[in-house]
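What follows is each chain in one-letter form.
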Amino acid sequence: MNKTELIEHISTKADLSKADAGRALEAFIGAVKTTLKKKGTVTLVGFGTFAVSERAARTGRNPRTGEAIKIKKARVPKFRPGKALKDAVN
């Protein structure tokens with residue numbers, strides 16, 4: 001499912017226009033981005049938790065040349081599914 005299909009699905013299930021469903025989805029994505037940027041977490045009970053974790057700096061290898069390279073530390077978004085989502089998939 002891509003973004004357009006998701007908007008269409010939301011529109012149908014919530015009895016909204018596609019424009020309203022698109023704005024709602026964009027608002028949700030924006031809220032998650034803003035919260036993660038501030039190092040916060042977004043928890044949707046039963047669905048899952050969006051959080052940020054720190055990845056330490058490390059030394060890696062360029063696969064083409066084999067040369068050692070330094071990889072900077074980074075903050076990366078993570079998603080941990082909730083129990084209800086795990087149960088729905090299985």
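Residues numbered from 1 in each chain as written. Predicted model: local features only at pLDDT ≥ 70, side-chain atom pairs only at ≥ 80, totals over all residues. Heavy atoms only, no water.

As named in an unreviewed UniProt entry, the protein is HU family DNA-binding protein, taken from Pusillimonas minor. The heading Sequence similarities (unreviewed entry) in the UniProt record of the protein holds the text "Belongs to the bacterial histone-like protein family." UniProt, in the comment section headed Function (unreviewed entry), describes the protein in these words: "Histone-like DNA-binding protein which is capable of wrapping DNA to stabilize it, and thus to prevent its denaturation under extreme environmental conditions." (UniProt positions renumbered as here; feature names shortened; annotations may be inferred.)

Caption draft 1: Broad picture of unusual backbone geometry. Phi at Asp15 takes a positive value of approximately 55°, unusual for a residue other than glycine. Inspection of the secondary structure assignment puts Asp15 in the loop between helix 1 (3-14) and helix 2 (18-37). Taking the relative accessible area as the measure of exposure, Asp15 reaches 71% and is therefore exposed. Its identity is not glycine, yet Lys39 carries a phi of approximately 65°, on the positive side. Relative to the elements of secondary structure, Lys39 occurs in the loop between helix 2 and strand 1 (42-44). (Helix = DSSP H or I, 4+ residues; strand = E, 2+ residues; numbered from the N terminus. Buried < 20%, exposed > 50% of the residue type's maximum accessible area, 1.4 Å probe, protein only.)

Caption draft 2: Fine view of the packing of aromatic side chains. Scanning the model with the defined rule gives 3 aromatic pairs in all. Between the aromatic rings of Phe47 and Phe79, the centroid separation amounts to 5.5 Å while the plane-to-plane angle is 50°, which identifies the pairing as tilted. Placement of Phe47 in the loop between strand 1 and strand 2 (48-55) and of Phe79 in strand 5 (residues 74-81) is noted, with a sequence separation of 32 residues between them. Its relative accessible area of 39% is what places Phe47 among the partly exposed residues. By relative accessible area, Phe79 is classed as partly exposed at 34%. Between Phe50 and Phe79, the aromatic rings sit 4.8 Å apart at their centres with planes inclined by 50°, giving tilted as the arrangement. (Phe/Tyr/Trp six-rings, centres within 6.5 Å; stacked < 30°, edge-to-face > 60°.)

Caption draft 3: The sheet that holds strand 1, seen in detail. Overall, antiparallel pairing links the 3 strands, which are arranged 1-2-5 in an open sheet. Each edge of the open sheet carries a strand with a single partner, namely strand 1 and strand 5. In this sheet, adjacent strand axes meet at a mean angle of 30° when their direction is disregarded. As paired strands, strand 1 and strand 2 are joined by 3 bridges and run antiparallel to one another. When the bridges of strand 2 are listed, Thr43 appears paired with Thr49. (Pairing = 2+ DSSP bridges. Axes fitted to C-alpha atoms, helices over the stretch in contact; angles between N-to-C directions.)

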